Amino acid sequence: MSPVDTLGPEPLADRPDHSPTLDETFIRLRDRWQSETRHFSSTTRRVLHPAYQAIIGLGPAAVPLLLRELEQNVDSWFWALHAITREDPAPDDARGDGDRIARAWLEWGKKRGYKW
Amino acid sequence: MAEELYDRDFPNLKRLGYRRTSDPHYSNCIAYAAGDGVRKWWPGEYPPRSGDYWPPGVPWDNESLDVFFQAFATLGYVPCPGGEWEPGYEKVAFYVLRGDVQHAAKQQLDGTWRSKLGGDEDIEHTLEGLEGPAYGNVAGFVRRPVPGYAPPAPKGWRAWIRGLFRQAIRRRGD
């Protein structure tokens, strides 16, 4: 066993050929967005943040990651999901109710065959 | 984690004092001030949809103080000049930054102020404590009578009523 093996995998930043995976990119953007907007109540101000817009820019590949986020911790991901998919599965009378809207999106994701 | 960011967003808060009064949960300051523990309130029916609640019939296409006053009018609030404590009234203060409302705080029955910091926790604070780069400055107030509020009886009356009760109890004992 080489010394490297005993130390575990190299840090990603030390690998010259490493390009971040979609998941890593998403998590980095998510963490930045949540840190820099967590005290904002304005949904407009939150979703116009550059990190949130970059998540929308990841396109359809980000949908399972957004559904995973919704399942673990409800946050303002509905705008991004709608922007990417052009769908809106939440019933009108659920407006503002994060848990109900999240459940509607998770059901939608399962019906569409998304796995997260 | 959230409290580590207070200095960045609310540079006056620690100096003026605050007390954490809840854990983080999905909602926002407007819903908290409106007394809605379930839904998140914010104007905007944008394509794509935000999923937020906004009272039907109230303009949703801007975030001005006037629009928020109209939203709270649906709950019986009317504009008032200041945030001083008036027994029998509950008040809401709005913070505005560059012409748009960013935050609201709710006055408690004892005159203290509380609000929910975005998606984070609720805290008790002074109005000045949250002024700064995140929310701007307090720019308007609304108030409404507290439902079912009974003002405390004057001191002499209270003693008189207590005396009546004592007399009645004594008579029963005789």
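In this text, all values refer to a predicted model and were calculated from it rather than measured experimentally.

Caption draft 1: Spotlight on the packing of helix 5 (residues 63-72) of chain A against helix 7 (residues 98-111) of chain A. Residue and element names in this part refer to chain A. At their nearest, the axes of helix 5 and helix 7 sit 10 Å apart, and the two run at 140° to each other. It follows that helix 5 is oblique to helix 7 by the angle criterion. Here helix 5 runs over helix 7; the crossing is left-handed. On helix 7, the residues that touch Val63, Leu67, Leu70 and Glu71 of helix 5 are Ala102, Trp105, Leu106, Trp108 and Gly109. Of the residues belonging to the contact of helix 5 with helix 7, the class tally is seven nonpolar, one polar and one charged.

Caption draft 2: Here's a closer look at the packing of helix 4 (residues 50-57) of chain A against helix 6 (residues 78-85) of chain A. Residues and elements named next belong to chain A. Direction vectors running N to C along helix 4 and helix 6 enclose 35°, while the axes themselves pass 9 Å from each other. For the element pair helix 4 and helix 6, the recorded crossing hand is right-handed. Side by side, helix 4 and helix 6 meet where Tyr52, Ile55 and Ile56 of the first sit next to Phe78, Trp79, Ala80, Ala83 and Ile84 of the second. Considering only residue class, the contact of helix 4 with helix 6 consists of eight nonpolar, no polar and no charged.

Caption draft 3: Looking closely at helix 5 of chain A. Summarising burial for helix 5 of chain A: seven of the 10 residues are buried, a large majority. Within the span of helix 5 of chain A, buried status applies to Val63(A), Pro64(A), Leu65(A), Leu66(A), Leu67(A), Glu69(A) and Leu70(A).

Caption draft 4: How the structure looks around the confidence of the model for chain B. When the pLDDT values of chain B are averaged, the result is 87; 87% of them are 70 or greater. Both scores are available for the predicted complex, with the pTM at 0.81 and the ipTM at 0.75.

Caption draft 5: Local environment of the pairing of strand 4 (residues 100-107) of chain B. Residue and element names in this part refer to chain B. Within strand 4, seven of the eight residues are buried, which leaves the element mostly enclosed by the surrounding structure. Hairpin connection from strand 3 (residues 89-97) to strand 4: two residues lie between these consecutive antiparallel strands, with Arg98 at a positive phi of about 50°. Two strands pair when backbone bridges link them, and strand 4 and strand 5 (residues 113-116) are joined in this way by two bridges, in the antiparallel orientation. When the bridges of strand 5 are listed, Gln107 appears paired with Trp113. Where strand 4 hands over to strand 5, the hairpin turn is made up of five residues, of which Gly111 adopts a positive phi near 95°.

Caption draft 6: Region of the structure containing the pairing of strand 5 of chain B. Residue and element names in this part refer to chain B. When strand 5 meets strand 6 (residues 122-125), the two strands line up antiparallel, connected through four bridges. What sits directly across from Trp113, in strand 6, is His125. Connecting strand 5 to the antiparallel partner strand 6 that follows it, the hairpin turn spans five residues, and Gly118 within it adopts a positive phi of roughly 60°.

Caption draft 7: Expanded view of the nonpolar core. Within the largest apolar cluster, 30 residues are counted, with the highest numbers of intra-cluster contacts made by Tyr52(A), Leu66(A), Leu70(A), Trp77(A), Phe78(A), Leu81(A) and Trp105(A). Tallying contributions element by element places helix 7 of chain A first for this core, with six residues. When neighbours within four sequence positions are excluded, Trp77(A) is seen to be in contact with Phe26(A), Arg30(A), Trp33(A), Gln34(A), Tyr52(A), Ile55(A), Leu66(A), Glu69(A) and Leu70(A). Counting 22 residues, the second-largest nonpolar core is a separate cluster that includes Ile30(B), Tyr53(B), Trp54(B) and Phe72(B).

Caption draft 8: Representation of a nonpolar patch on the surface. Taken together, the side chains of Ile161(B), Phe165(B) and Ile169(B) make up a nonpolar region of the molecular surface, amounting to roughly 320 Å² of accessible area. Residue placement: Ile169(B) occurs in helix 5 (residues 155-173).

Caption draft 9: Representation of the sheet that holds strand 3 of chain B within the structure. Residues and elements named next belong to chain B. An order of 1-6-5-4-3-7-2 is seen for the seven strands of this open sheet, with the pairing classed as antiparallel. Each edge of the open sheet is held by one strand with a lone partner, namely strand 1 (18-20) and strand 2 (78-80). Mean inter-strand twist for the sheet, computed between neighbouring axes without regard to direction, equals 35°. Pairing geometry for strand 2 and strand 7 (residues 137-145), over three bridges, is antiparallel.

Caption draft 10: Representation of the environment of Leu65(B) within the structure. Structurally, the position occupied by Leu65(B) is in helix 4 (residues 65-73). Along the primary structure Leu65(B) and Asp100(B) are separated by 35 residues, whereas in three dimensions their C-alpha atoms are 7.0 Å apart.

Caption draft 11: Representation of the packing of aromatic side chains in the model. Residues and elements named next belong to chain B. This model, assessed by the stated rule, comprises 20 aromatic pairs over all chains. Residues Trp41 and Phe72 carry aromatic rings whose centres are separated by 6.4 Å and whose planes lie at 45° to one another, so their mutual orientation is tilted. Taken as a pair, Trp41 in the loop between helix 3 (29-34) and helix 4 and Phe72 in helix 4 lie far apart in primary sequence, 31 residues in all. We note that Trp41, like Phe72, is buried. Each member of the aromatic cluster is reached from another via a ring pair, and the members are Trp41, Trp42, Tyr53, Trp54, Phe68, Phe69, Phe72, Tyr77 and Phe94. Here Arg39 stacks its cationic end above the ring of Tyr53, 3.7 Å away from the centre of that ring.

Rules used throughout
- Residues numbered from 1 in each chain as written.
- Chains lettered and ligands numbered in written order.
- Predicted model: local features only at pLDDT ≥ 70, side-chain atom pairs only at ≥ 80, totals over all residues.
- Heavy atoms only, no water.
- Axes fitted to C-alpha atoms, helices over the stretch in contact; angles between N-to-C directions.
- Helix = DSSP H or I, 4+ residues; strand = E, 2+ residues; numbered from the N terminus.
- Parallel < 35°, antiparallel > 145°, perpendicular 65-115°, else oblique.
- Left-handed = near helix turned anticlockwise from the far one by under 90°.
- Contact = heavy atoms within 4.5 Å.
- Nonpolar A, V, L, I, M, F, W, Y, C, P; charged D, E, K, R; others polar.
- Buried < 20%, exposed > 50% of the residue type's maximum accessible area, 1.4 Å probe, protein only.
- pLDDT = per-residue confidence, 0-100.
- Pairing = 2+ DSSP bridges.
- Core = buried A, V, L, I, M, F, W, Y, C linked by side-chain atoms within 4.5 Å.
- Patch = residues over 30% accessible without salt bridge, like charges linked within 9 Å, V, L, I, M, F, W, Y side chains within 5 Å.
- Areas by Shrake-Rupley, 256 points an atom, 1.4 Å probe, with all protein chains shown as cover.
- Salt bridge = Lys/Arg side-chain N within 4 Å of Asp/Glu carboxyl O.
- Phe/Tyr/Trp six-rings, centres within 6.5 Å; stacked < 30°, edge-to-face > 60°.
- Lys NZ or Arg CZ within 6 Å of the ring centre and 35° of its normal.

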